[in-house]
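Read off the chains here:
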Amino acid sequence: MIYFSNTKILSILLVIFIALMFAVPNFFTKDQLNSFPSFIPKQQVNLGLDLQGGSHLLLEVDTVEIIKERLENLNSDVRRVLKKNNIQYSNFKNTEDNLKFVVEEFPAEIQKEILEISVSNSQNILQMGDQTNLVITRDDNQVSISFTDEFIKLAVSNAVAQSLEIVRRRIDELGTREPSIQRQGSSRIIIQLPGIDDPDRIKALLGQTAKLTFQLVDTSTNYDPLNPKKAPVGSEILSSDTDDSFKYIVKKRVMVGGENLVDAQPGFDPQTNEPIVSFRFDRLGASKFGRVTQQNVGKPFAIILDDTVISAPVIREAILGGSGQISGGFDSEEANDLAILLRAGALPAPLIILEERSVGPDLGADSIEAGQYAAIIGFVAVIIFMMFVYRYFGFLADIALIINLFMVLGILSLFQATLTLPGIAGIILTIGMAVDANVLIFERIKEEIRSGSKMINAVGNGYKRALSTILDANITTLIAAVILFFMASGPVRGFSITLAIGIFTSVFTAFTFTRLLISIYAKSLKPSLVGMKIND
Amino acid sequence: MIDIANTKINFLKSRIITFIFSSILVVLSFGAFFVSGLNFGIDFKGGTLIEIETENEIEIAGLRDNLNTLSLGDVQVQEFGSKNNLLIRVEQQSGGDQIQQNVVEIVKNSLDSYLSSEVNFRRTEVVGPKVSGELIQSGAIAILAAVFAMLIYIWFRFEWQFSLGAVVALIHDVILTIGVFSITQLEFNLPIIAAILTIVGYSMNDTVVVYDRVRENLRKHRSKNIIDLLNLSINETLSRTIVTSVTTLLALLSLFIFGGEVIKGFTFAMIWGVVVGTYSSIFVAAPLLNYLDVKREWNTTSAVDSTR
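Residues numbered from 1 in each chain as written. Chains lettered and ligands numbered in written order. Predicted model: local features only at pLDDT ≥ 70, side-chain atom pairs only at ≥ 80, totals over all residues.

(A) Summary view of the interface of chain B and chain A. On the side of chain A, 64 residues touch chain B, which itself brings 63 residues to the contact. Among the secondary structure elements, those contributing two or more residues to the side of chain B that touches chain A are β5 (119-127), α5 (129-157), α7 (190-220), α8 (226-258) and α9 (264-288) of chain B. Of the residues contributing to the side of chain B that touches chain A, the split by class is 33 nonpolar, 19 polar and 11 charged. The pairing of strand β18 (residues 351-359) of chain A with β5 of chain B spans five bridges and is classified as antiparallel. Bridged to E355 of chain A within β5 of chain B is V127 of chain B. (Contact = placed C-beta atoms within 7 Å. Helix = DSSP H or I, 4+ residues; strand = E, 2+ residues; numbered from the N terminus. Nonpolar A, V, L, I, M, F, W, Y, C, P; charged D, E, K, R; others polar. Pairing = 2+ DSSP bridges.)

(B) Spatial organisation of the environment of A417 of chain A. Residue and element names in this part refer to chain A. Within the secondary structure layout, A417 lies in the loop between α10 (361-414) and β19 (418-419). Placed 342 residues apart in sequence, A417 and N75 show a C-alpha to C-alpha distance of 50 Å. Apart from the residues lying within four places of it in its own chain, the contact partners of A417 are N46, L412 and I497.

(C) Structural view of the sheet that holds strand β12 (residues 256-257) of chain A. All names here are of chain A. Read from one edge of the open sheet, six strands run β11-β10-β16-β15-β9-β12, paired in mixed fashion. The sheet is open, and its two borders are formed by β11 (247-251) and β12, each paired with just one other strand. Here strand β15 (residues 301-305) runs beside strand β16 (residues 308-311); their pairing, made up of three bridges, is antiparallel. Note on β16: the bridge partner recorded for I304 is V309.

(D) Region of interest: the domain arrangement of chain A. For chain A, the assigned domains read domain 1 (6-53 + 361-524), domain 2 (63-154) and domain 3 (207-356). Each of domain 2 of chain A and domain 3 of chain A has a C-alpha centre, and the two are 31 Å apart. (Domains from an automatic or database assignment.)

(E) Local environment of the packing of α5 of chain B against helix α6 (residues 160-184) of chain B. All names here are of chain B. Interhelical geometry of α5 versus α6 gives an angle of 155° and a closest axis separation of 8 Å. As judged from the angle between their axes, α5 and α6 are roughly antiparallel. Crossing hand, α5 versus α6: right-handed. Residues I143, V147, M150, L151, I154 and W155 of α5 form the contact with α6, whose own contacting residues are W160, F162, S163, A166, V167, L170, I171 and V174. Split into classes, the residues belonging to the contact of α5 with α6 amount to 13 nonpolar, one polar and no charged. (Axes fitted to C-alpha atoms, helices over the stretch in contact; angles between N-to-C directions. Parallel < 35°, antiparallel > 145°, perpendicular 65-115°, else oblique. Left-handed = near helix turned anticlockwise from the far one by under 90°.)

(F) Main features of the packing of helix α1 (residues 15-35) of chain B against α6 of chain B. Residues and elements named next belong to chain B. Two elements in contact, α1 and α6, have axes whose closest approach is 8 Å; the angle formed by their N-to-C orientations is 45°. By the criterion of interaxial angle, the relationship of α1 to α6 is oblique. Our pair here, α1 against α6, has a crossing hand that is left-handed. Residue-level inspection shows S22, L25, V26, L28, S29, A32 and F33 of α1 in contact with α6, the latter providing H172, I175, L176, I178, G179, S182 and I183.

Written as structure tokens, this is what we have:
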């Protein structure tokens, strides 16, 4: 256990050297690093949001809405098929996960037709092929139609992927520094925004689905406050963005939608100097828009965002160029945000904010400072204590401890793992626990000497006999760290990372570097007990 | 140079007393847990937490009264580290995840108008009911999984008797940690779960070192009476147990004193855990082996192997 070949010595030193090289950049500023030669690694430890300041948001795609919307579409398809085939039905209703109605007869061809329509309507979202996506059950005269589980899963997964893309576009539009946007689980999105400690604006941007539609105002009737729910068939009541007391009655049919927009830019109306958003349609949108405006000159045309009427200007003349503008009493930031939303596109379903954690830059800097301070003091205390207890061997363990710390930093930098405040705590804990492997070995060596071994044999046997204990003892802590890693997220996860790295480096240094030092020392000695006074 | 080796302390002599002592602590912990419960932080209870810093000292009672008029339910205000740093906690609002988002805005506006000096918002955390429910569940699962994993690992590496003794000591440590948080009513949040898991690892680490020596002595001294053998093993590893505990405590104390307010609770839990874990490996885990009928006939060839 105490003889090392030259290759072994070299590789031990090389591993340590590489780890040190990767740790070094953390002690310089970015500018200093840039002036260094190119062979020196420049990656610094990645600081977590709790240390550099920033905002963490956990969002969930409202999957219930997705299914609800699909069921509503299905509802009108099914009714159409039934009507077309002159099938009498009653009690037609949508529940949360199916459609229900009562029929006298329900022939197989009709079922087949419904299935075909549903499949062809869903083709745009899914690679389901011709596989059916509906379950039709009939109990006496009661028919219920629901989507298959596979279809629901696929629809949700699709909507989440789409949401992720739109969230990314919206945040990118704001010019945020290095945002991280990731999917988590089946329906969640994690957003990390370094440097943003007040995410109000982003939350507001993400809180809107931004579904833009142009619909005609129903001029056949006026909104009746005494009878607030009543709208003519085919129309709906929508609130106004600018006036809380006023409601619009709008025809349900969507004439043109936001999906046909190709561009939207904030600007100012040259006459009123009011902030506006100007937009441009694609070819299909432009021709639809042109046709509608041509046929409805003199009628009010509602511009609707997320079921709220932004404005309803009267069409003065046909707009054939495919571009237009929205003004709705907003300020220039609102105009800017609306343009961002329209450019990025609509979310397929609303997003719900489940969790928000924001840390200001001051607190982050304070935490780093406090962490460094605690690390240095803890480190000095441990070093002094080890020298006090083990004298020369303690000194060797202290050198190993320093190398250990550099290795933890080096590995964190190399793998670009994230260092968090609990992560710093993990490193400090490692300072205390890393000496354990050496302590176990030293105690073994002492015992060997006490029972009469020569120093050189005592070192060899000490290492040999401490090995299994050290492995067992460290594996238990490692198991705890691994469980923590899988269970936790965010800052706490950083703790499990540094703890685990610390375990590896401390066992590694104890069995390579300290062993090397002690072997050199033991071999250089006359078989005396210098440095290890024994009391008996 | 300190030498704690060659001690001949009879640790098992007072085992009945230490068992009773431990049992009382466990019962006290259970009592405190069921009477006052844990003071869950927003990670587990949901709600909003805002840390602010101001130029001038703020009169807490006045601010608290002001915030409690906002009809957000219970609002707590406490000093956090210094007189200029305050922690504001607002309980979870009823009405689902989306509703919680309004709280921050309402509190911020109210603070801006109530306090004359500039307010620095250092930290804002909002945890909705869905996430807090999941966190409490995954925290509990993590602790159970860790204890179970230790049980399996020790069983695999030793014998079931050792595994049982170690896990009893481990559960003892976890209960006492939850107990001390119930008694002190210190905030119990996500990092505390991390601390408990670390305690599980640390306590096991300590126990394994003692057990390892017990196993070795079982092979070496076949005729020795088990009590003497356990005492011998504890004494032989005592020096290491103390040195490692001291270095770990030195590092943790430094973190506790200088590491800042945010991780104080976390560090406190670990300091407590190291003390309890060290105690339990000497006074719970090892003496328990006396009652668990450990196997004396270890495989002779491997015994020869590891004793030179």
